[in-house]
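Close look at the chain arrangement
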Amino acid sequence: MPHICICSQFTSSPIDQFNKDPKASPIATNGEIFPWHELRLPTVIIPLHYDLLIHPNLTSLDFVASEKIEVLVRDATQFIVLHSKDLEILNASLQSEEDVRYRKPGESLTVLSYPAHQQIALLVPEKLRADLRYSVAIDFQAKLADGFEGFYKSTYRTLGGETRTIAVTDFEPTEARMAFPCFDEPLFKANFSIKIRRESRHIALSNMPKVKTIELEGGLLEDHFETTVKMSTYLVAYIVCDFTSVSGTASSGVKVSIYASPDKWSQTHYALEASLKLLDCYENYFDIHYPLPKLDLVAIPDFASGAMENWGLVTYRETSLLFDPKKSSISDKLWVTKVIAHELAHQWFGNLVTMEWWNDIWLNEGFATYMELISLNITYPELQFDDDFSNTCFEVIKRDSLNSSHPISNQAKTAIQIKEMFDAVSYNKGACILNMLKDFLSEDTFRKGIIHYLKKFSYRNAKNDDLWHSLSNNCLESDSASGGFCYSDSKKTSNTLVFLRKNVELKEMMATWTLQKGIPLVVVKREGRSLRLQQERFLSGVSKEDPEWGTLQERYLWHIPVTYSTSSSHAIHRHILKLKTDTLDLSEKTDWVKFNVDSNGYYIVHYEGQGWDELITLLNRNHTLLRPKDRLGLIHDAFQLVSAGRLTLDKALDLTRYLQRETSIPALLKGLEYLELLYRMVERRNISDVTENLKHYLLQYFKPVIDTQSWVDKGSVWDRMLRSTVLKLACYLNHAPCIQKATELFSQWMESSGKLNIPTDVLKVVYSVGAQTTAGWNYLLEQYELSLSGAEKNKILYALSTSKHQEKLMKLIELGMEGKVIKTQDLAALLFAIARNPEGQQLAWNFVKENWTHLLKKFDLGSFPIRMIVSGTTSHFSSKDELQEVELFFESLKAQGSHLDIFQIILETISKNIKWLEKNLPTLRKWLLITT
Ligand code: BES
Ligand code: ZN
């Protein structure tokens, strides 16, 4: 066995902790051998408790800190490996339990640093003994970070024009190590006792309530916070700021507060109402108390993502928390409610029970996304969120039907790979398969199962199999007598559910959805009273005739819980399609069959033979014979099938012809969305004859719905969503009455010096029309600077980005890069919006290519903003030249060492767009000629 010497004072070490190949030993910054070569930390030492003292200086923009970590040694070792990134370690020492007891000072430790793995190693002079506890003390300091990660600074301007600075943390997934040296993996749960020093003009917030404040010499104050429950490092949080708050008490006695910068205090009230309701809802639904005494929700002026679920101290982008009744539209309200619901769900799914490793981040994010649906249905039925859930699934299907997709549970090793896991597959597909499973198991069984899971794994970590096990064995000892799928039949294996008198292995079934990428296509053929079913892998952009089709199908098989309804009964029929092909017998003769009832299943359905024609006839004759979500699903599936070459575009378009009579707004909006997508595609490519005819068709065909829209904030949520969408489209298509009304409102608004209240749902359209003149554009930019409403600022920024003048668009990009008037946090959305504008698409793309290194200084590779910038400025391309340009660019990035999974997704998307146009443009052209 090789004998490895770390440095002169050490003789030997447990071999399993070492690189087996000494040649590959990592070298620490001081030239010595770093004793650990893996990205994951050794498990011989586990942290139990952290004592943290942090003193940020908001004037010099840095912090000094110290920590004591109590660790348990499981196996004898001579070094302690921790994560640490961009921290200057001043001193490290070690005490044994005995040393602590007898107040013996700590022994100083040698610190080695290996930045490539963001690790430090503390070398101990004498082997640490197994089963003993030690206390590691570290003093360190750093600058407050410039970006949006770790312990970073954020600034805002007061109404009086003063710029103020706050310091805030954002750690998930791997940035706690930027704030304090720690065992920064979700499995290393520990308790944290946090102390923060601050000036008296500030307040400090952390996960737990403050127990006391000590006054130090020189007037500094030191807040001591209660010790946390056992939790992962990525959920630790603290903020030093001068914010004000509103508070309330939930039914269980938990104090809930909403914090924002002082001038935005008035926008916090809706969030308070919503978070109180939602906290009550979750405590009831999970039958588990929120375990902390308080919950703070804080609106942070600079925030990279939408929100972060730090336990007891949830942080939000301002637009995800604040609601200004004068400026926030119904969709803004829906967003705020949804984000609060999401982050509060994490207090259980994620915080109380955490995935073992980032490969299963869907156990956090998929559940939080799914719980949005459950909790909003209970707390805010009037928001009709349920009707929007299918879109959550449709959004990810686009991506999951490409070969470059990945399974829900996916390997993730490096920090970048871990970040890339936070994507639509983890969030949306995760939520959609949970919804499908709930539909299959029944709400009650599903709920019992997840309660079982949460209770069993509280303050611990879980993996996929633990969830499936809990869902199929949901009997807590206390309720083993209850019905449903809770049983203890010794003849069945523990994961077997009795369903349809057949045994279904839940784990086996769910493995087909979580360990296998992609989405199945169920092909249905009706032959008399029998239904022939066939499953295959659905691939958009690849048709059955393509040579690669066969290989891409190999070894894919799902256990699909299919549902269907027929013309002869309202009942929902169920079947599990486990094989490639299967046959079902109908008990009666029927005119039509519709699969995937209410679009609850994660699969696409194709009807062979007369199937689609029967459904189109049905929609035209009496669409209300189908359920609204079934109509929505048909529109979606039809257009997806066009991309896969299974259905011709004219069929899908024929299917939308009934929309003139459609009474369900989500279905109508889905149809309009596809038509608008076609319009934008041909417009971007300057295919003027089709563009003009399609515009004419849209304005003629949807005239009744356009002309009946009023310019007020009235009606149900969906009435209001329809109004926003339809008027935005009508004005975009230059519909004269729309432009006229918007212009009129915009002029009145300008004349009133911005004081006039324009109905919030039409604000975006009015601003966008107003932005088309130079005077209007300039005025909007002025108002952008002045506005205190994030919701309004987003609308103005969007409007500004629709200008036809390149120099104006360039000015926006410059402002976004400068980060003063347009904050860096909004740069990604800005570039995305400019790239959608036909006049801006080239500009945005060229900018990204030329300024890649500057962008990487602002955002981490793999982070959400970078992915949004790259895909936002490229994935709409649809020509071979564009594809080649993008390919070249990605190659050059890879050569510089930047590699992202989305590169492949984008290239596949562009290739798909090219094929789509080649194949369907002639059909579209012809269809428009016949139809209009
Ligand atoms: N846990 C995430 C925040 C996060 C995102 C951490 C990406 C690390 C990487 C949080 O719960 C979240 O999902 N936020 C969403 C909003 C949500 C409503 C979908 C976001 O930031 O977009
Ligand atoms: Zn989340």
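Within each chain, residue numbers correspond to sequence positions counted from 1 in written order. Chains and ligands are labelled by the order in which they are written, letters from A for the one and numbers from 1 for the other. Since the coordinates come from a predicted model, pLDDT governs what is reported: local features require at least 70, and pairs of side-chain atoms require 80 or more to be given and counted, while whole-chain, interface and lining totals use all residues. For side-chain calculations, the full set of non-hydrogen atoms in the structure is used, while hydrogens and water are omitted.

1. Details of the overall build of the protein chain
Secondary structure assignment for the protein chain yields 30 helices and 31 strands. Each radius of gyration is computed over the set of C-alpha atoms, and the globule rule expresses the reference value as 2.2 Å times the number of residues to the power 0.38. A compact globule built from 932 residues should have a C-alpha radius of gyration of about 30 Å, and the protein chain, at 29 Å, falls within 12% of that. Judged by the C-alpha coordinates and their principal axes, the protein chain covers about 90 × 75 × 55 Å. Accessible area is worked out with a 1.4 Å probe on protein chains only. A residue is then buried under 20% of its type maximum, exposed over 50%, and partly exposed in between. Among the 932 residues that make up the protein chain, the fraction classed as buried is 61%. In what follows, a contact means two residues having at least one pair of non-hydrogen atoms within 4.5 Å. Considering only intrachain contacts with a sequence separation of at least 6, the fraction spanning at least 24 residues in the protein chain is 70%. Under the DSSP-based scheme used, a helix requires at least four consecutive residues in state H or I and a strand at least two consecutive residues in state E, with every element numbered from the N terminus.

2. Considerations on the layout of surface pockets
Of the two site types, the cavity is a set of points on a 1 Å grid over the protein atoms alone where a 1.4 Å probe fits but cannot get out, and the pocket is an open set with protein on both sides within 12 Å along at least five of seven lines, each lined by residues with an atom within 4 Å of a point. Grid points are joined across faces, edges and corners, and a volume is the space filled by probe spheres set on the points. Computed from the structure, the second largest pocket encloses a volume of approximately 710 Å³. Here the lining of the second largest pocket is composed, by residue class, of seven nonpolar, 10 polar and nine charged. Gly is put with the polar residues, along with every residue not named as nonpolar or charged; the nonpolar set is Ala, Val, Leu, Ile, Met, Phe, Trp, Tyr, Cys and Pro, and the charged set is Asp, Glu, Lys and Arg.

3. Re the state of the cysteines
We call a pair of cysteine sulfur atoms a disulfide whenever their separation is within 2.5 Å. Counted under the stated rule, the structure contains two disulfides. Each sulfur in the disulfide pair Cys393 and Cys432 lies 2.1 Å from the other. Here Cys393 and Cys432 share a disulfide; its torsion about the S-S bond, -105°, makes the bridge left-handed. Here Cys432 lies in helix H8 (residues 424-441) and Cys393 lies in helix H6 (residues 389-400), a separation of 39 residues in the sequence. For Cys393, a relative accessible area of 8% puts it in the buried group.

4. Focus: the site of ligand 1
Throughout, the term near means that a residue has one or more heavy atoms lying within 4 Å of the molecule or strand in question. The full set close to ligand 1 counts 14 residues, and Glu172, Gly306, Glu309, Glu365 and Tyr427 are the nearest of them. Contacts described as polar in this section are N or O atom pairs within 3.5 Å, which, within protein, must combine one atom able to donate a hydrogen with one able to accept it, while residues neighboring in sequence count only if both atoms come from side chains. In the environment of ligand 1, a nitrogen atom lies 2.6 Å from a nitrogen or oxygen atom belonging to the side chain of Glu172. Here Glu343 contributes a side-chain N or O atom positioned 2.8 Å from an oxygen atom of ligand 1. In isolation ligand 1 has 510 Å² of accessible area, and contact with the protein removes 86% of it. Looking at the shell around ligand 1, the elements with two or more residues in it are strand E19 (307-308) and helix H4 (330-346). If you tally residues by element for the shell around ligand 1, the top one is H4, at four residues. The residue inventory of the shell around ligand 1, partitioned by class, reads six nonpolar, four polar and four charged. With residues, only the protein chains shown are counted as cover, and all accessible areas are computed by Shrake-Rupley using a 1.4 Å probe.

5. As for the UniProt feature "active site" (unreviewed entry) in the protein chain
Sites flagged by UniProt as "active site" (unreviewed entry) map to Glu343. Here Glu343 is to be found in helix H4. Leaving out residues up to four positions away in the same chain, Glu343 has contacts with Ala307, Met308, Glu309, Val314 and Tyr316. UniProt positions are given in the numbering used here, feature names are shortened, and annotations may be inferred rather than shown by experiment.

6. Here's the deal with the pattern of salt bridges
For side chains of opposite charge, pairing can occur when their charged atoms come near one another. A pair is scored as a salt bridge if a Lys or Arg side-chain nitrogen falls within 4 Å of a carboxyl oxygen belonging to Asp or Glu. All told, the structure shown has 48 salt bridges when counted by the stated rule. For Asp546, the salt bridge is made with Lys915, and the minimal N-O distance between the two is 3.3 Å. On the criterion of sequence distance, the pair formed by Asp546 in the loop between strand E26 (530-538) and helix H12 (549-553) and Lys915 in helix H30 (residues 901-931) is long-range, its members being 369 residues apart. Note on Lys915: relative accessible area 36%, which makes it partly exposed. For Glu662, the salt bridge is made with Arg631, and the minimal N-O distance between the two is 2.4 Å. Here the residue Glu662 occupies a position in the loop between helix H15 (649-655) and helix H16 (665-684), and Arg631 occupies one in helix H14 (residues 628-643), the gap between them amounting to 31 residues. With relative accessibility at 3%, the residue Arg631 sits in the buried group. Each of Glu149, Glu175, Lys419 and Asp860 takes part in a single network of salt bridges with overlapping partners.

7. Overview of unusual backbone geometry
Cis geometry is found at the peptide bond from Glu172 to Pro173, where omega equals 0°. Positionally, Pro173 belongs in the loop between strand E10 (163-170) and strand E11 (191-198). Its identity as a non-glycine residue notwithstanding, Arg103 has a phi of 50°, on the positive side. The exposure class of Arg103 is exposed, given its relative accessible area of 77%. With a phi angle near 65°, Arg555 is a residue other than glycine that sits in the positive phi range. Following the sequence through the fold, Arg555 ends up in the loop between H12 and strand E27 (560-566). For Arg555, a relative accessible area of 78% corresponds to the exposed category.

8. Looking at the UniProt feature "domain: ERAP1-like C-terminal" (unreviewed entry) in the protein chain
Summarizing the sequence annotation, UniProt attributes the feature "domain: ERAP1-like C-terminal" (unreviewed entry) to residues 592-910 in the numbering used throughout. The straight-line gap between the two end C-alpha atoms of residues 592-910 is 36 Å; of that span, 67% is helix and 2% is strand.

9. Looking at the coordination of the zinc ion (ligand 2)
When a metal holds four donors in a tetrahedron, each ideal angle between them is 109.5 degrees; when it holds six in an octahedron, the ideal angles are 90 or 180 degrees. Around the zinc ion (ligand 2), the donor atoms from the protein are His342 (NE2), His346 (NE2) and Glu365 (OE), and they sit 1.9 to 2.1 Å away. Any nitrogen, oxygen or sulfur atom within 2.8 Å of a metal ion counts as a donor, with the limit raised to 3.2 Å for Na, K and Ca, and since water is left out, coordination shells can look unfinished. Coordination of the zinc ion (ligand 2) draws on donor residues from a single chain, spaced H-x3-H-x18-E in sequence. Of this pair, His346 sits in helix H4 while Glu365 sits in helix H5 (residues 362-379), and the two are 19 residues apart along the sequence. In this structure His346 comes out as buried when scored by relative accessible area, which is 0%.

10. As for the environment of Ala92
Relative to the helices and strands, Ala92 is located in strand E4 (residues 88-96). Overall, Ala92 belongs to the buried group, its relative accessible area being 2%. Sequence separation between Ala92 and Glu608 is 516 residues; the distance between their C-alpha atoms is 70 Å. The contact partners of Ala92, leaving out residues within four places of it in the chain, are Glu107, Ser108, Leu109, Val111, Leu122, Ala137 and Ile138.

11. A look at the side chain of Ser329
Assignment of secondary structure puts Ser329 in the loop between helix H3 (318-321) and H4. Note on Ser329: relative accessible area 7%, which makes it buried. When near neighbours in sequence (up to four residues on either side) are disregarded, Ser329 contacts Phe323, Thr760, Asp761 and Lys795.

12. Describing the nonpolar core
Throughout, nonpolar core names a set of buried Ala, Val, Leu, Ile, Met, Phe, Trp, Tyr and Cys residues whose side chains join them through atoms within 4.5 Å. Grouped together as the largest cluster of nonpolar side chains are 314 residues, with contacts concentrated most on Phe180 and Phe595. Considering every element that reaches this core, the biggest residue donor is H30, with 13 residues. Not counting residues within four places of it along the chain, the set of residues in contact with Phe595 comprises Val524, Leu531, Leu533, Val562, Thr563, Tyr564, Leu584, Val605 and Tyr607.

13. Looking at the sheet that holds E19
Pairing is mixed across the open sheet formed by five strands, whose spatial order is E16-E17-E18-E20-E19. At either margin of the open sheet sits one strand with a lone partner, and together these are strand E16 (244-249) and E19. Here the rule is simple: two strands pair whenever DSSP picks up at least two bridges between them. Relative to strand E17 (residues 255-260), E16 is paired through six bridges, and the arrangement is antiparallel. Bridging across to E17, Thr244 finds its partner in Ala260. Across the sheet, helix H2 (residues 269-286) touches E16, E17 and strand E18 (294-300), and the angle it forms with E17 is around 150°. Throughout, an axis means a line fitted to C-alpha atoms (over the contacting stretch in the case of helices), and angles, computed between N-to-C directions, take values from 0 to 180 degrees.

14. A short note on empty space enclosed by the protein
This model, assessed by the stated rule, comprises five cavities of 30 Å³ or more. Its boundaries defined by the atoms lining it, the largest cavity holds a volume of some 100 Å³. Elements with a contribution of two residues or more to the lining of the largest cavity: H6 and H14. The element best represented in the lining of the largest cavity is H6, accounting for four residues.

15. Looking at the packing of H4 against helix H19 (residues 717-732)
Interaxial distance between H4 and H19 falls to 9 Å at its minimum, and their mutual angle equals 125°. Here H19 runs oblique to H4, going by the angle between their axes. The segment H4 lies against H19, with Ile330, Ser331 and Leu334 engaging Val717, Arg720 and Met721. For the contact of H4 with H19, the residue count by class is four nonpolar, one polar and one charged. Roughly parallel refers to an angle under 35 degrees, roughly antiparallel to one over 145, roughly perpendicular to one between 65 and 115, and oblique to any angle outside these ranges.

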